Amino acid sequence: MTLTLDNHSQKKESSLTQALRQIQQLNSKIALLERQHQDYVQKQQNLIAAIAEICVSPMQEVQALRILICRGEAACRQYLRSVLVKQGQASKMTTGQMEKPALTKRAKNQGFLQNSKK
């Protein structure tokens, strides 16, 4: 009789230990997902700020946001790089010179787009 009770209590303890281990694993996964989500949100906020800085027309901004939503971050960065290239070509054709703050801003934006490739 005591042997049966001991086996029964060991099985209960074993299943409780197993359930506790599973809860701890789920909590670890939840914490990881929360960190990944925060990283994702931060990247999106940085990218939206870059869109606002790089795009010179509302249509470009809308296009960049549409690409971000539909095709993702990499495609949006590619689009922004192409916008910067077109802006550089247009400025060379029109004036040949740009104000220094604009050059600094362009260099900063190109650096942001290059450094954020992952």
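The structure under discussion appears in the preceding block.
Residues numbered from 1 in each chain as written. Predicted model: local features only at pLDDT ≥ 70, side-chain atom pairs only at ≥ 80, totals over all residues. Heavy atoms only, no water.

**Remarks on helix α3 (residues 73–94)**
Put simply, the rule reads: Under the scheme used here, helices are H or I runs from DSSP no shorter than 4 residues and strands are E runs no shorter than 2 residues, and both carry numbers assigned from the N terminus. Each helix should span, by expectation, one fewer than its residue count multiplied by 1.5 Å. Classification of residues uses two cut-offs on accessible area relative to the type maximum, computed with a 1.4 Å probe and protein chains only: under 20% is buried, over 50% is exposed, and between them is partly exposed.
Here α3 contains 22 residues, and its C-alpha end-to-end distance of 31 Å stays within 8% of the 32 Å for a straight helix at 1.5 Å per residue. Turning to α3, its buried residues are Glu-73, Ala-75, Cys-76, Arg-77, Tyr-79, Leu-80, Val-83, Leu-84, Gln-87, Gly-88 and Ser-91.

**Considerations on the nonpolar core**
A general trend in soluble globular proteins is that nonpolar side chains are found buried together. Test applied: Only buried residues count toward a nonpolar core. Its members are Ala, Val, Leu, Ile, Met, Phe, Trp, Tyr and Cys residues joined through side-chain atoms within 4.5 Å.
The biggest cluster of nonpolar side chains holds 14 residues, and the ones touching the most others in it are Ile-51, Ile-54, Ala-64, Cys-76, Tyr-79 and Leu-80. Examining the composition of this core, we find that six residues originate from one element, α3, more than from any other.

**Considerations on a nonpolar patch on the surface**
Filter applied, for reference: Residues with no salt bridge and a relative accessible area higher than 30% make up the patches, which join like charges within 9 Å and nonpolar side chains (Val, Leu, Ile, Met, Phe, Trp, Tyr) within 5 Å. In this description, accessible areas are obtained by the Shrake-Rupley approach with a 1.4 Å probe, and a residue is regarded as covered only by the protein chains that are shown. We count a salt bridge whenever a side-chain nitrogen from Lys or Arg sits within 4 Å of a carboxyl oxygen from Asp or Glu.
Side chains of Ile-48, Leu-65 and Ile-69 sit close together on the surface and give an oily, nonpolar patch of about 290 Å² of accessible area. In this fold, Leu-65 is placed in helix α2 (residues 58–71).

**A short note on the side chain of Ser-91**
As a reminder of what qualifies: Pairing of N or O atoms within 3.5 Å defines a polar contact, subject to two protein rules: one partner must be a possible hydrogen donor and the other a possible acceptor, and residues neighboring in sequence count only if both atoms are side-chain atoms.
Mapped onto the elements of the fold, Ser-91 is located in helix α3. From its side chain, Ser-91 meets the backbone oxygen of Gly-88 in a polar contact 2.9 Å long.

**Some thoughts on the packing of α2 against α3**
Stated formally: To get an axis, a line is fitted to the C-alpha atoms, and for a helix only the part in contact is used. The angle between two axes follows their N-to-C directions and goes from 0 to 180 degrees. Geometric relationships in this document are graded by angle, where less than 35 degrees denotes roughly parallel, more than 145 denotes roughly antiparallel, 65 to 115 denotes roughly perpendicular, and other angles denote oblique. In a left-handed crossing the near helix is turned counterclockwise from the far helix by less than a right angle, and in a right-handed crossing that turn is clockwise. The contact criterion used throughout is that any non-hydrogen atoms of two residues lie within 4.5 Å. Polar here means any residue other than Ala, Val, Leu, Ile, Met, Phe, Trp, Tyr, Cys and Pro, which are nonpolar, and Asp, Glu, Lys and Arg, which are charged; Gly is therefore polar.
Following both chains from N to C, one finds α2 and α3 inclined at 155 degrees, their axes separated by 7 Å at the closest point. With respect to α3, the axis of α2 lies roughly antiparallel. As for how α2 packs across α3, the hand of that crossing is right-handed. Judged by residue contacts, Gln-60, Gln-63, Ala-64, Ile-67, Leu-68 and Arg-71 of α2 engage Glu-73, Ala-75, Cys-76, Tyr-79, Leu-80, Val-83 and Gln-87 from α3. Residue composition of the contact of α2 with α3, by class: eight nonpolar, three polar and two charged.

**Quick word on the environment of Gln-60**
In this fold, Gln-60 is placed in helix α2. Here Gln-60 is in contact with Cys-55, Tyr-79, Val-83 and Gln-87, once residues within four sequence places are set aside.

**Section: the pattern of salt bridges**
Using the criterion set out here, one finds one salt bridge in the structure. A salt bridge links Glu-73 to Arg-77; the nearest nitrogen and oxygen atoms lie 2.9 Å apart. One end of the pair, Glu-73, and the other, Arg-77, are both in helix α3, four residues apart, so they sit about a helical turn from each other. Given a relative accessible area of 4%, Arg-77 falls into the buried group.

**Focus on the side chain of Gln-44**
Here Gln-44 lies in helix α1 (residues 2–54). Among residues more than four places away in sequence, those in contact with Gln-44 are Leu-68 and Glu-73.

**So, α2**
It helps to recall that an α-helix has 3.6 residues per turn; residues three or four apart then point in one direction. Just so we agree on the cut-off: Regarding the arc, it is the one traced by the directions from the helix axis to the C-beta atoms.
Its 14 residues give α2 an end-to-end C-alpha distance of 19 Å, which sits within 8% of 20 Å, the value for a rise of 1.5 Å per residue. Turning to α2, its buried residues are Gln-60, Ala-64, Ile-67 and Leu-68. Down the axis of α2, the sector holding all buried residues measures 100 degrees, keeping them to one side. Opposite its buried face, α2 presents the exposed residues Pro-58, Met-59, Ile-69 and Cys-70, each directed more than 90 degrees away. Gly-72, located one to two residues past α2, shows a positive phi value of around 105 degrees.

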